[in-house]
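Summary of structural features
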Amino acid sequence: MSLRPKAKNGDVVPPQKDETPQPSFQFKHLLEQDRLWDRDELGDVIHWLRQILGLIFGVAYGLAGVVGGPYLMLYLLASTGITYSYYKYVLNIDEDDFGGTTNLLVEGLVSGTALMVVAWVLLYSSLHV
Amino acid sequence: MAYTEGWLILLIALGSALFSEAVNWLFVYRTATYKNLRSNIDKATKKLEVMKGQPAAVVKAKGKSKKMDRVDSYLKNTNQALSATRFRTSIIVYGIMFIVFSIMNTLFDGKMVAKLPFTPFVIFRALSHRNLPGEDFTDCSMVFLYAIAGAALRPNVQKLLGFSPPRPTGQTVFGMPLPDTAKDK
């Protein structure tokens, strides 16, 4: 879904006469506020963010040799918090335009968590047992 | 390095994911039928989302709600047709996966392939401790590691190769309908 950006007071900015079509995705858009996001583009960005966070946490846990279920919960909270903060405050996304908070936060959650567990388990088994 | 079997299982899971996508590409993704269906779905999705983004008064005044229903219905039918194209190759893929899994079961049955750094929930122990001796539930069986590795790798392989299925429109990821997004402004 490509949506019109919103002004700070919440009003939708109307299309301008000389407005050019939104360019296709580039990496610099990852830090751009108020860009017109396509649903698929935004979903992919959130998915890959989750995978990167999963890999970072899994490798860090595995190398450090930490043990215990609370670390899994810590990952879930941190990953969700970082993802939410990123699209809410960096991209300035209104989640209602994309099906709600749950719809966005679920993107990449299962595969990201599985990736974290795999990295953690393999590194822990290889280095600390 | 201990537990090298775990890394081998990860490689096998990666190979399985790549193999299944290769089979799908050979028999499904490169066919004109699939490409047309996918292109039609993308166009209809964009059209529907533009319509839904318009103010409710405009939708009503221009009689666009019936058109939206037609596009929505067309999208559902096209998605079903897309799923049907993948059905036959799914049988081939699952057949091969079953053979691979049987071979792995023969090689790794009863062996601990990794050590879990946490004790799994009770509902997962049947999988994580499958056919392993003793009561130490941090011992990890091949089945659990293979399943987790598959869950981690398959969606990412699909996305990297550009073969991920289209996202559902008009509904949440749990299949519930989205609230009406026509803006009343």
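Everything in this summary refers to the structure shown in the same document. Every value quoted in this text rests on a predicted model; they were computed, and no experiment measured them.

Focus on helix α1 (residues 39-64) of chain A
Residue and element names in this part refer to chain A. Across its 26 residues, α1 extends 37 Å between first and last C-alpha, which sits within 8% of the 38 Å expected from 1.5 Å per residue. The N-cap residue of α1 is D38: its side-chain oxygen and the backbone nitrogen of D40 are 3.1 Å apart. Positioned one or two residues after α1, G65 has a phi angle of 75°, which is positive.

Concerning the interface of chain B and chain A
Between chain B and chain A, the contact holds 30 residues from the first and 34 residues from the second. In total, about 2,900 Å² of surface goes out of reach between chain B and chain A, with carbon and sulfur atoms giving 69% of it. Looking only at chain B, the three residues that lose the most surface to chain A are B:P117, B:F118 and B:R167, adding up to 23% of its buried area. Taken together, the connections running from chain B to chain A amount to one salt bridge. Two residues, B:K159 and A:D44, come together in a salt bridge whose shortest N-O distance is 3.0 Å. Linking chain B with chain A are six residue pairs in polar contact (both at pLDDT 80 or more). Breaking the side of chain B that touches chain A down by element, the ones donating at least two residues are α1 (4-29), α2 (32-52), β1 (114-115) and α6 (142-161) of chain B. When residues in the side of chain B that touches chain A are grouped by element, the largest group, nine residues, is from α6(B).

Quick word on the packing of aromatic side chains
Residues and elements named next belong to chain B. Tallying each qualifying case throughout the model produces nine aromatic pairs over all chains. Between F101 and Y146, the ring centres sit 6.3 Å apart and the planes meet at 40°, which makes this aromatic pair tilted. One end of the pair, F101, is in helix α4 (residues 64-108); the other, Y146, is in helix α6, and 45 residues separate them in sequence. Note on F101: relative accessible area 24%, which makes it partly exposed. Under the relative-accessibility criterion, Y146 is labelled buried at 13%.

Examining the side chain of B:Q158
Residues and elements named next belong to chain B. Here Q158 is to be found in helix α6. When its relative accessible area of 12% is taken as the criterion, Q158 is described as buried. Residues in contact with Q158, not counting those within four places in the same chain, are E21, R86, F163, S164 and P165.

Digging into the environment of A:Q51
In this structure, A:Q51 sits in helix α1. On a C-alpha basis, the gap between A:Q51 and A:V66 in space is 20 Å, while along the polypeptide they are 15 residues apart. Contact partners of A:Q51, with chain neighbours within four places excluded, come to A:G108, A:S111, A:G112, A:L115 and B:N156. At 3.1 Å, the side chain of A:Q51 and the backbone oxygen of A:G108 are in polar contact.

Some remarks on the nonpolar core
Within soluble globular proteins, side chains that are nonpolar generally end up buried alongside one another. Core analysis: the biggest nonpolar cluster contains 35 residues, and A:M116, B:I9, B:M142 and B:L145 have the highest contact counts within it. Broken down by secondary-structure element, the contributors of at least two residues to this core are α1, α2 (70-90) and α4 (109-127) of chain A together with α1, α4 and α6 of chain B. Among all residues touching A:M116, those that are not within four sequence positions of it are A:G54, A:F57, A:G58, A:Y61, A:L72 and A:Y75.

Cut-offs applied
Residues numbered from 1 in each chain as written. Chains lettered and ligands numbered in written order. Predicted model: local features only at pLDDT ≥ 70, side-chain atom pairs only at ≥ 80, totals over all residues. Heavy atoms only, no water. Helix = DSSP H or I, 4+ residues; strand = E, 2+ residues; numbered from the N terminus. Expected span 1.5 Å × (residues − 1). Polar contact = N/O pair within 3.5 Å; in protein donor to acceptor, adjacent residues only side chain to side chain. Contact = heavy atoms within 4.5 Å. Buried area = accessible area lost by both parts, 1.4 Å probe. Salt bridge = Lys/Arg side-chain N within 4 Å of Asp/Glu carboxyl O. Phe/Tyr/Trp six-rings, centres within 6.5 Å; stacked < 30°, edge-to-face > 60°. Buried < 20%, exposed > 50% of the residue type's maximum accessible area, 1.4 Å probe, protein only. Core = buried A, V, L, I, M, F, W, Y, C linked by side-chain atoms within 4.5 Å.

Purely geometric stuff here, so don't read any function into it on its own.
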